[in-house]
Amino acid sequence: MKILTVVGARPQFIKTAAVSRLLRGVEDVREVLVHTGQHYDPNMSEVFFRELDIPQPDYNLGIGAGTHGAQTGRMLEHIERVLLKEKPDWVLVYGDTNSTLAGALAAAKLHIPVAHVEAGLRSFNRRMPEEINRTVTDHISDLLFAPSENAVVNLRKEGIPETRIHLVGDVMYDVALYYGDKAERTSQILTRLGLASGSYILATIHRAENTDDPWRLRAIMEGLAHVAADIPVVFPVHPRTRKALESHGVIEVARIHLCLIDPVGYLDMVMLEKHACLIVTDSGGVQKEAFFYRVPCVTLRAETEWVELVKLGWNTLCCPENGKVVAQAIRAMIGRKGAEGTPYGVGTAARQIVARLGGKIV
Ligand code: UD1
Ligand code: UDP
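No experiment lies behind these values; they were computed from the predicted model shown.

**Q** Outline the site of ligand 1, supporting the account with residue identities and numerical values.
**A** In the vicinity of ligand 1 there are 20 residues, among which His-39, Tyr-40, Asn-98, Glu-130 and Arg-240 approach most closely. One of the side-chain N or O atoms of Tyr-40 is found 2.8 Å from an oxygen atom in ligand 1. Backbone polar atom of Asn-98 to an oxygen atom of ligand 1: 2.8 Å apart, as the coordinates give it. Only helix H3 (68-86) and helix H11 (239-247) provide two or more residues apiece to the shell around ligand 1.

**Q** Go over the packing of aromatic side chains, please, and point to the residues and values.
**A** This structure, assessed with the given rule, holds 9 aromatic pairs. Relative to Phe-49, the ring of Phe-13 lies with its centre 5.0 Å away and its plane at 55 degrees, an arrangement referred to as tilted. With a gap of 36 residues between them, Phe-13 in helix H1 (residues 10-23) and Phe-49 in helix H2 (residues 46-51) connect regions that are remote in the sequence. Summarising the burial analysis for this pair, Phe-13 and Phe-49 share the class buried. Relative to Tyr-344, the ring of Trp-306 has its centre 5.3 Å away and its plane inclined at 85 degrees; by these criteria the two rings are edge-to-face. On the criterion of sequence distance, the pair formed by Trp-306 in the loop between strand E12 (297-299) and helix H15 (307-312) and Tyr-344 in the loop between helix H16 (323-333) and helix H17 (349-356) is long-range, its members being 38 residues apart. Grouping residues by exposure puts Trp-306 and Tyr-344 together as buried. Among the aromatic side chains, those forming a connected cluster through ring pairs are Tyr-173, Phe-291, Phe-292, Trp-306, Trp-314 and Tyr-344. Arg-21 extends its terminal NZ or CZ atom over the ring of Tyr-178, reaching a point 3.6 Å from the ring centre.

**Q** Any details on the sheet that holds strand E4 (residues 90-94)? Residues and values, ideally.
**A** Judged by pairing direction, the sheet is parallel, and its 7 strands sit side by side in the order E3-E2-E1-E4-E5-E6-E7 without closing on themselves. Taken across any chain shown, the strands that pair with only one partner, and hence form the sheet edges, are strand E3 (59-60) and strand E7 (165-167). In terms of strand pairing, E4 meets strand E5 (residues 114-117) through 4 bridges, oriented parallel. Residue pairing for E5: Tyr-94 is matched across the bridge by Val-117. Its contacts with the sheet put H17 on E5, strand E6 (143-146) and E7, and the angle it makes with E6 is roughly 165 degrees.

**Q** Describe the pairing of strand E11 (residues 278-281), listing the residues and the values that go with them.
**A** Side chains Leu-278 and Val-280 of E11 all project onto a buried face; the interleaved residues Ile-279 and Thr-281 project onto the opposite face, where all are buried too. Strand direction decides the pairing type here: strand E8 (residues 201-204) and E11, joined by 4 bridges, are parallel. By the bridge assignment for E11, Thr-204 is matched with Thr-281. In this fold, the crossover linking E11 to E12 by way of helix H14 (residues 284-292) has right-handed handedness.

**Q** An account of the sheet that holds E8 is requested, with residue identities and associated values reported.
**A** Each strand in a sheet pairs with another by means of backbone hydrogen bonds, the pair being arranged parallel or else antiparallel. Strand order in this open sheet of 6 strands is E10-E9-E8-E11-E12-E13, and the pairing throughout is parallel. Every interior strand has two partners, whereas the edge strands, strand E10 (259-261) and strand E13 (315-317), have only one. Across this sheet, the average inter-strand angle for adjacent strands is 20 degrees, counted without regard to direction. Here 3 bridges tie E12 to E13, and the two strands are oriented parallel to one another.

**Q** Describe the nonpolar core, listing the residues and the values that go with them.
**A** Val-19, Leu-92, Tyr-266 and Leu-272 are the most contacted members of the largest nonpolar core, which has 73 residues in total. For this core, the leading source of residues is H1, giving 7 residues. Of all hydrophobic cores here, the second largest spans 32 residues; its members include Ala-228, Leu-245, Cys-318 and Ala-327.

**Q** Before we move on, could you go through the site of ligand 2 and cite the residues and values that matter?
**A** Close contacts around ligand 2 come from 19 residues, with Arg-207, Val-264, Ser-283, Gly-285 and Glu-289 the closest. Within the side chain of His-206, a nitrogen or oxygen atom sits 3.4 Å from an oxygen atom of ligand 2. Note that a nitrogen atom of ligand 2 is positioned 2.7 Å from one of the backbone N or O atoms of Val-264. Burial of ligand 2 by the surrounding chains reaches 96%, relative to a free accessible area of 540 Å². Secondary-structure elements contributing two or more residues to the shell around ligand 2 are H1, helix H13 (266-274) and H14. With 4 residues, the top contributor of residues to the shell around ligand 2 is H14. Looking at side-chain class alone, the shell around ligand 2 contains 10 nonpolar, 5 polar and 4 charged residues.

**Q** So what's going on with the pattern of salt bridges? Residues and values would help.
**A** Under the counting rule described, the total for this entry stands at 25 salt bridges. For the salt bridge of Glu-222 with Arg-218, the shortest nitrogen-to-oxygen distance reads 3.7 Å. A residue pair is termed a helical-turn pair when its members lie 3 or 4 positions apart in one helix, as Glu-222 and Arg-218 do in helix H10 (residues 214-228) at 4 residues. According to the relative accessible area criterion, Glu-222 is partly exposed, its value standing at 38%. Across the pair Arg-255 and Glu-252 runs a salt bridge, and its minimum N-O distance is 3.0 Å. Taken together, the positions of Arg-255 and Glu-252, both in helix H12 (residues 251-257) and 3 residues apart, correspond to about one turn of that helix. Taking relative accessible area as the criterion, Glu-252 reaches 45% and is therefore assigned partly exposed. A single salt-bridge network, built from bridges that share partners, covers Asp-96, Glu-131, Arg-134, Glu-209, Arg-301, Glu-303 and Glu-305.

Rules behind the numbers
Residues numbered from 1 in each chain as written. Chains lettered and ligands numbered in written order. Predicted model: local features only at pLDDT ≥ 70, side-chain atom pairs only at ≥ 80, totals over all residues. Heavy atoms only, no water. Near = heavy atom within 4 Å. Polar contact = N/O pair within 3.5 Å; in protein donor to acceptor, adjacent residues only side chain to side chain. Helix = DSSP H or I, 4+ residues; strand = E, 2+ residues; numbered from the N terminus. Phe/Tyr/Trp six-rings, centres within 6.5 Å; stacked < 30°, edge-to-face > 60°. Buried < 20%, exposed > 50% of the residue type's maximum accessible area, 1.4 Å probe, protein only. Lys NZ or Arg CZ within 6 Å of the ring centre and 35° of its normal. Pairing = 2+ DSSP bridges. Contact = heavy atoms within 4.5 Å. Axes fitted to C-alpha atoms, helices over the stretch in contact; angles between N-to-C directions. Right-handed = clockwise from strand over helix to strand, strands pointing away. Core = buried A, V, L, I, M, F, W, Y, C linked by side-chain atoms within 4.5 Å. Areas by Shrake-Rupley, 256 points an atom, 1.4 Å probe, with all protein chains shown as cover. Nonpolar A, V, L, I, M, F, W, Y, C, P; charged D, E, K, R; others polar. Salt bridge = Lys/Arg side-chain N within 4 Å of Asp/Glu carboxyl O.

Structure (structure tokens):
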């Protein structure tokens, strides 16, 4: 059996690490890895392949940046060409990026079955590009691997046949369990930045709704700057955000008050997350990792797909309307603990996915 995996953006490299490792240990299965090239900087791509032992991609399509239509269209054309050549039995896609949509759509049009990991998430906000990507992907997929019960409910409500839906848990939890100790053993980031455990806030921002609106981006920076007067704020800056900070003229506020660093590798990121006293983010993956390491989290959005985290009390939503609101939300969450629970499974998601795809793990 041949499984063709399409990845392209940072969180997808991390997700595929768990599944690819198992697929490589399965008899009679060959994985062909396609990297669309959506993310291409070494610290947004190559570092994850190296640190997480992901095999080098069989194809790197080198698509790069572009408007949604141009980027997705170029991916579609190139992925189709690879599919016609490789003729896989399954196409495996992750999450909700333009690479996810292009992979699923190219396969579905060629009648190649599609498996979608992280199916069923919804923000119910159609202005998010990710909401369009994941909804379309779910509806053209043959196997939908849901990370949570709530995701299963969302899929049922949209009329997806029960036989296609499989609740397996979250592959990011598998990865967190696998690499958590390695991060503690190998990462030097706390020493390098002169940080003591529990003494700083970790922030990441990259959503279009927060970066593309100058007002909101300024509100977030001002809110973080306010808090940074008391607690250092470490901020690994996504390339999209760096461009926006520069073009909206907000980079100075950030530079003066925050500890700005380039995007870090996964092991350094895990270390920064585990030892933060609080995480502020608009990232899906980082919200969950905050919970995996039981660090309270403020999500700078009006809604989240990961509703369980808010219900358990580990996460709170804050729509970043102005700096004061942001600073208040952060201060109110410091030291808070939520309830215990296992909303995203027990770390066996990858194993269940591989088994369901028909692989016998040896
Ligand atoms: C994408 C996903 C988003 C995901 C995020 C993870 C879509 C629509 N969005 O957003 O869902 O949460 O990845 O990080 O697929 N850039 C670089 N170097 C890189 C990568 C990007 O400079 O290595 C720049 C691009 O030139 C572009 C901007 O960052 O100007 C945005 O990149 P893009 O891949 O379009 O979207 P993301 O914001 O990264
Ligand atoms: N991440 C990382 N280095 C960073 C920022 C994030 O390794 O500098 C990891 C983070 O630990 C998580 C994933 O990237 O596993 C989340 O990706 P991102 O925030 O880019 O996208 P999202 O999850 O929102 O789609």
